[in-house]
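# Chain and residue survey
Below are the chains, spelled out letter by letter.
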Amino acid sequence: MPLPDDRNIYLIGPRASGKTTLGRRLAARLSRPFVDLDAIFLERHGETIANLVTREGWEAFRRAETDILAAVAAVPGQVVATGGGAVLLPENRALLAKGLVLYLQASPERLAERLLADCNAGQRPKLTELGLREEIVATLTEREPLYLSLALACLPERSPEELEEYALQALALLGNERT
């Protein structure tokens, strides 16, 4: 499916919402490179997010995340899976707003289910001292207004195949708006 331009497609949403899975699928369908900001962090820093956060704190990670996002944003034509908190900093929101932003929505229950099934604590450190479900609700409460403010389309909680179709339809509509 051709898009009207080569702006990056940014997938935003909470951790475990399916950004990486959808990103790989969309990139293949659209013949675009796929980029996962968390994977780039690991590659560049040679350590997990959790290790950096433990050693230097969340602020250090957010600075590194901004640097990575800025470098990725400078290369057009990619499908990019962001970290769940990438929307927290104004400079990141400004970078994301230059692309086509799709928000992957998921219920706290579904997110908790996915996180318990694939804990990956090294890449997904705890964000608060709360229990998992309470942490998910708290972070969604804080971040959802930011996700919604950036999203050109919101993708409901669905299977990867259905999400891919929803995303392609949304991108086609966005393309038609620009022509």
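Keep in mind it's a predicted model, so treat the numbers as computed, not measured.

The rules behind each value
- Residues numbered from 1 in each chain as written.
- Predicted model: local features only at pLDDT ≥ 70, side-chain atom pairs only at ≥ 80, totals over all residues.
- Heavy atoms only, no water.
- Helix = DSSP H or I, 4+ residues; strand = E, 2+ residues; numbered from the N terminus.
- Phe/Tyr/Trp six-rings, centres within 6.5 Å; stacked < 30°, edge-to-face > 60°.
- Buried < 20%, exposed > 50% of the residue type's maximum accessible area, 1.4 Å probe, protein only.
- Polar contact = N/O pair within 3.5 Å; in protein donor to acceptor, adjacent residues only side chain to side chain.

So, about unusual backbone geometry. Of note, the phi angle at Ala 16 is positive, near 75°, even though the residue is not glycine. Residues other than glycine seldom take positive phi values, yet Ser 31 does so here, at roughly 55°. Looking at the secondary structure, you find Ser 31 in the loop between helix H1 (19–30) and strand S2 (34–36).

With that out of the way, let us pick up the packing of aromatic side chains. According to the stated counting rule, one finds three aromatic pairs in the structure shown. Residues Phe 41 and Phe 61 carry aromatic rings whose centres are separated by 5.4 Å and whose planes lie at 75° to one another, so their mutual orientation is edge-to-face. With Phe 41 in helix H2 (residues 37–45) and Phe 61 in helix H4 (residues 58–73), this pair connects stretches of sequence that are 20 residues apart. Accessibility expressed as a relative area gives 1% for Phe 41, which makes it buried. Owing to a relative accessible area of 4%, Phe 61 belongs among the buried residues under this scheme.

Another point: the side chain of Lys 19. Examined against the element boundaries, Lys 19 turns out to sit in helix H1. Among the polar contacts listed, one links the side chain of Lys 19 to the backbone oxygen of Gly 13, at a separation of 2.9 Å.

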